[in-house]
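Chain and residue survey
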Amino acid sequence: MQVEQKEEQTAQRAEDYYEDRFLRMRVEDRYRWSTLDDYYFSNAYAYNSFGNYYSLSSPWNSYFAWNCHYNPYYGGLSYYPGGVIITKTPKIYTPPSRALVFNPASYNVGGNSSSSAVSKGLNNSYYNRYNNTNSNRNSRNSLGESIRKVFTGNDNSGNYNSGSNNSTPSRSYSPSSSGGSSGGGGRSSGGGGGGSVSRPSR
Amino acid sequence: MSIALECFLPCCICLITDKARLMQKRYLLGFSILLSLSSIAQIPEDVLKYSWQPTNGTARVSAVGGAMGSLGGDISALFVNPAGIGFFKTGEVVLSPGYYFLKNKSDYRGTKASDDGSNFNLGASGVVGGWRGSGRWTNKAMGFAVTRTANFSNRVYYTGKNDYSSYAEQYAAQAAASGLSLDEILSNNNVSLGTRMAVYTYLIDTATLGGNVNPDVVALPTYDQLKNGGAFLVDQANSIETSGGITEIAIGYAANMDDKLYIGGSLGIPIVSYEKKSLLRETDATGINDNYFDFSEMSEKLTTKGVGLNLKLGVIVKPADLVRLGFTVHTPTWYSLEDKYQATMAVNTENYRTTPGTVTVSSEIFTNDQTPKYSYDLTTPWKFMLSGSYVLREIEDVRKQKGFLTADVEYVTYTSNRFRSAEDASTDDNYYKGLNEVVKQYYKGAFNFRVGGELKFTTIMTRLGFAYYMSPYNDKELKGSKMFISGGLGYRDAGFFVDLTYIHGIQKDVNFPYRLPDKANTFAAVKGTGGNIMLTVGIKI
């Protein structure tokens, strides 16, 4: 009990001491020290053996400490004990037009009835994956093929698919008028939306 | 497509002698000819450009088929199994220039064509040095080397008649699927530049076909057929010229424990420089002059620049005096890449327009007269390699060794190629998801095999090698493979060595001039044959 009372008395004496010092300074020059009123009155430890809270020699001013002068997150004034946490809002990048037409369906993946492919929407809606021969055989008459026909009687070039020339699918024109131009930004831009471009007259 | 010839000579037999300079190591050359035909700007075909290629070492390594995963003693080890530089107990400086030539024969819809090209090459070159170790480490070594891991210089040409599809249909399909009006397409970044150019030039337009209420998007080459039941036949020709390569810089370190165990690792920094110019021309072959289509051609130029980073870790053990076994892991290369693209389209639709004539448009009209850039990251496959060698009369005095037989089996996870946007948050994410899904299913993991041997006659060595790279395509209809047969001579004496190697490569691949999502596709079968002459000179230091 005696120890606790002694500590309280010491603390009280220290606080009184600082207040006394500050009041003496204020009386001496009230304008010079007025800006420090709030700070000093609310922080009895502002006057310490290291000069002040943010002194470079203060152990509380660790380079790594939160809100120290050198902390990149410290954004307050030198005697304001607060800080600012900087947050980065990611910028959504819109790329320029793709150079090529890329459609996963054009790669015939899932053509072997892969269940994973089907589930991912990559399966093709057509069966003939490749067409490497013309229905008009007169359109190709290389010497090698002519010789092959003579000896084998087979005019199939070895490419396995023979597609139908009437197989062009319907490509319906159904604009929803919801599209709009979009520009580029960020690291990969370089080309913007291009503004308004009109076709030559038909 | 790519042809890569790699050869390599092993060497190695490094045992200890007072005269460490007799230790040999050189591997030599490898070289690679990569024909990248079909790659353009972030499409699935791009991945083979970076991962379907052989080892490019010194002339010695190239002469034994590139099978050096368990041999060591050659600077090429930095690019194959870094543990191999642990065989070095002295140092050497190596330079491996080369020259290659190739010819590509194509078959497109029954028509055959060919094109050829040639260029200089650089095999593994650099400096490596070993020093005495401490404790159980007999010696340690460090090396720094550079090599051309891919050479893109190539030319491919194919042509043929087509009565089934037009390249313009890819644009019609995308325009129809976009849900946009043609006017909106002209100013919308979600549509490819090709489609926007096709709209601008009237290569595609709308037409109400017989029996339909609503119009369709139609490719003009097929207009007369679809609208009027006319004939459709076009001549198609595609000319592709690629250049550039991948130059990899590697630094590695290895240690040798009691001449029984060698472990090592290397850090590789591949630098990519790639350019592709192509001209796809389609001409009306019906002989009809009023069917709304005369010709169209698409001229494209794509450049890719970037840099990557990879790690190679390996171990070699000698369970018996005559036997060496090796295991190597190559991490993926993490590339940061940037593409630039420019294209010009010219179209003549005969009397379709009231003002007949050819309409020409550049892609830059849609990009504010700027060249569009696409920045992205690419992660290439893992590689795992098992190797074994049998050294004929392996004794400490390498002068008395008689040669070796060596083989590598390598597995490459082509399905693990991954693209991603270079941006943290991008509207492009779905594009890359679709791309990666296709890569996973379009390709497969594949094995590569390399075997070779050397016979040594005091200062003269003779070598033979063979390498086979399996098809990375999951679809058996797509034939792809690379095969290399190599042979060479070497001379080594008094701290000087020179090796000369010839590698003959035969490669099969396919090239799609365009792809349609709603119709069967057509492709050219391309067979490339070529030779690579490689010379390696080196001195012990």
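Residues numbered from 1 in each chain as written. Chains lettered and ligands numbered in written order. Predicted model: local features only at pLDDT ≥ 70, side-chain atom pairs only at ≥ 80, totals over all residues. Heavy atoms only, no water.

A tally of helices and strands in chain A yields five helices and zero strands. For chain A, long-range pairs separated by at least 24 residues make up 29% of all intrachain contacts whose partners lie at least 6 apart in sequence. When the accessible area of chain A is evaluated, it comes to approximately 13500 Å², of which 52% is carbon and sulfur surface. (Helix = DSSP H or I, 4+ residues; strand = E, 2+ residues; numbered from the N terminus. Contact = heavy atoms within 4.5 Å. Areas by Shrake-Rupley, 256 points an atom, 1.4 Å probe, with all protein chains shown as cover.)

Right, let's talk about the overall build of chain B for a bit. Looking only at helices and strands, chain B has seven helices and 24 strands in total. Taking 24 Å as the expected radius of gyration for a compact globule of 541 residues, we find that chain B reaches 26 Å, a close match to that expectation. When its C-alpha atoms are laid out on the principal axes, chain B stretches across 90 × 45 × 35 Å. Per-residue burial over chain B gives 65% buried out of 541 residues. (Rg over C-alpha atoms; globule rule 2.2 N^0.38 Å. Buried < 20%, exposed > 50% of the residue type's maximum accessible area, 1.4 Å probe, protein only.)

Our next topic: helix α3 (residues 168-178) of chain B. All names here are of chain B. Within α3, nine of the 11 residues are buried, leaving the element largely enclosed by the surrounding structure. Listed in full, the buried residues belonging to α3 are Ala168, Glu169, Gln170, Tyr171, Ala172, Ala173, Gln174, Ala175 and Ala176. One or two steps after α3, the chain reaches Gly179, where phi turns positive at roughly 75°.

When pLDDT is low, close inspection of the predicted coordinates is not appropriate. Residue and element names in this part refer to chain A. A residue-level look at chain A finds 26% of positions with pLDDT of 70 or above and a mean pLDDT of 57. Within chain A, the lowest mean pLDDT, 36, falls on helix α4 (residues 115-119), and the highest, 68, falls on helix α1 (residues 2-28). Overall, residues 37-59 carries pLDDT values under 50, and its contacts beyond four positions in sequence, including any with other chains, amount to 36 contacts. (pLDDT = per-residue confidence, 0-100.)

Here Asp475 of chain B shows up in the loop between β21 (460-469) and β22 (481-493). Classification of Asp475 of chain B as buried rests on a relative accessible area of 10%. Setting aside anything within four residues of it in sequence, one finds Asp475 of chain B in contact with Arg129 and Tyr130 of chain A together with Tyr442 of chain B.

This brings us to the packing of aromatic side chains. Residues and elements named next belong to chain B. With the rule as written, the count across this model stands at 27 aromatic pairs over all chains. Each ring, one from Tyr223 and one from Tyr292, has its centre 5.1 Å from the other, and the planes form 80°; the classification is edge-to-face. In this pair, Tyr223 is assigned in helix α6 (residues 223-228) and Tyr292 in the loop between β11 (261-284) and β12 (295-320), connecting sequence segments 69 residues apart. For Tyr292, a relative accessible area of 24% translates into the label partly exposed. A ring pair is formed by Tyr376 and Phe419, whose centres lie 6.0 Å apart and whose planes are at 40°; its orientation type is tilted. Residue Tyr376 is located in strand β16 (residues 373-379), and its partner Phe419 is located in strand β19 (residues 418-421); the two are separated by 43 residues in the primary sequence. (Phe/Tyr/Trp six-rings, centres within 6.5 Å; stacked < 30°, edge-to-face > 60°.)

Before going further, it helps to spend a moment on a positive patch on the surface. Residues and elements named next belong to chain B. Judged by side-chain charge, Lys103, Lys105, Lys476, Lys479, Lys508 and Lys527 come together as a positively charged surface patch. The topology assignment puts Lys527 in strand β24 (residues 524-540). Overall, Lys527 belongs to the partly exposed group, its relative accessible area being 41%. (Patch = residues over 30% accessible without salt bridge, like charges linked within 9 Å, V, L, I, M, F, W, Y side chains within 5 Å. Salt bridge = Lys/Arg side-chain N within 4 Å of Asp/Glu carboxyl O. Lys, Arg positive; Asp, Glu negative; His and termini not counted. Charge placed at Lys NZ, Arg CZ, Asp CG, Glu CD.)

Further remarks concern the pattern of salt bridges. In this structure the tally under the stated criterion is 25 salt bridges over all chains. A salt bridge links Arg463 of chain B to Glu454 of chain B; the nearest nitrogen and oxygen atoms lie 2.5 Å apart. Each of the two residues, Arg463 of chain B as well as Glu454 of chain B, counts as buried. One network of salt bridges, with partners in common, ties together Arg171 of chain A together with Glu169, Asp518 and Lys519 of chain B.

Since one α-helical turn is 3.6 residues long, residues separated by three or four positions face the same way. Residues and elements named next belong to chain B. For helix α7 (residues 429-442), spanning 14 residues, the distance from its first C-alpha to its last is 20 Å, which sits close to the expected 20 Å at 1.5 Å a residue. Judged by how many residues are buried, α7 sits mostly within the fold: 10 of 14 residues are covered. Residues of α7 that are buried include every one of Tyr431, Tyr432, Gly434, Leu435, Asn436, Glu437, Val438, Val439, Gln441 and Tyr442, and no others. (Expected span 1.5 Å × (residues − 1).)

Residues and elements named next belong to chain B. Along the polypeptide, Ser486 turns up in strand β22. A residue is classified by how much of its surface remains accessible, and Ser486, at 3% relative accessible area, is buried. Separated by 16 residues in sequence, Ser486 and Tyr502 have C-alpha atoms that sit 5.7 Å apart.

Here the focus is the nonpolar core. Membership of the largest hydrophobic core comes to 84 residues, with the highest contact counts inside it found for Tyr171, Leu203, Ile204, Tyr341, Met345 and Tyr442 of chain B. Counting residues in hydrophobic clusters, the runner-up holds 18 residues, among them Val61, Ile75, Ala77 and Leu78 of chain B. (Core = buried A, V, L, I, M, F, W, Y, C linked by side-chain atoms within 4.5 Å.)

Here we come to the pairing of strand β6 (residues 137-151) of chain B. All names here are of chain B. By the bridge criterion, eight bridges tie strand β5 (residues 125-132) to β6 in an arrangement that is antiparallel. Bridge pairing links Arg132 to Asn139 in β6. Between the antiparallel neighbours β5 and β6 lie four residues, among them Gly135 with a positive phi of about 65°. Relative to strand β10 (residues 234-257), β6 is paired through 13 bridges, and the arrangement is antiparallel. Within β10, the position partnered with Ala145 by the bridge is Ala250. (Pairing = 2+ DSSP bridges.)

This brings us to unusual backbone geometry. Residue and element names in this part refer to chain B. Positioned with a positive phi, Tyr292 is a non-glycine residue whose angle comes to about 70°. Positive phi values are uncommon outside glycine, yet Glu350 reaches one of about 50°. Mapped onto the fold, Glu350 is located in the loop between β14 (334-348) and β15 (358-362).

Time to look at the side chain of Arg463 of chain B. Within the fold, Arg463 of chain B resides in strand β21. Polar contacts involving the side chain of Arg463 of chain B include one to the side chain of Glu454 of chain B, which spans 2.5 Å. (Polar contact = N/O pair within 3.5 Å; in protein donor to acceptor, adjacent residues only side chain to side chain.)

Moving on: the environment of Thr358 of chain B. Residues and elements named next belong to chain B. Assignment of secondary structure puts Thr358 in strand β15. Classification of Thr358 as partly exposed rests on a relative accessible area of 41%. For the pair Thr358 and Thr371, spaced 13 residues apart in sequence, the C-alpha separation works out to 24 Å. In contact with Thr358, other than residues within four places in its own chain, are Phe295, Ala346, Val347 and Asn348. Reaching out from Thr358, the side chain makes a polar contact with the side chain of Asn348 at a distance of 3.2 Å.

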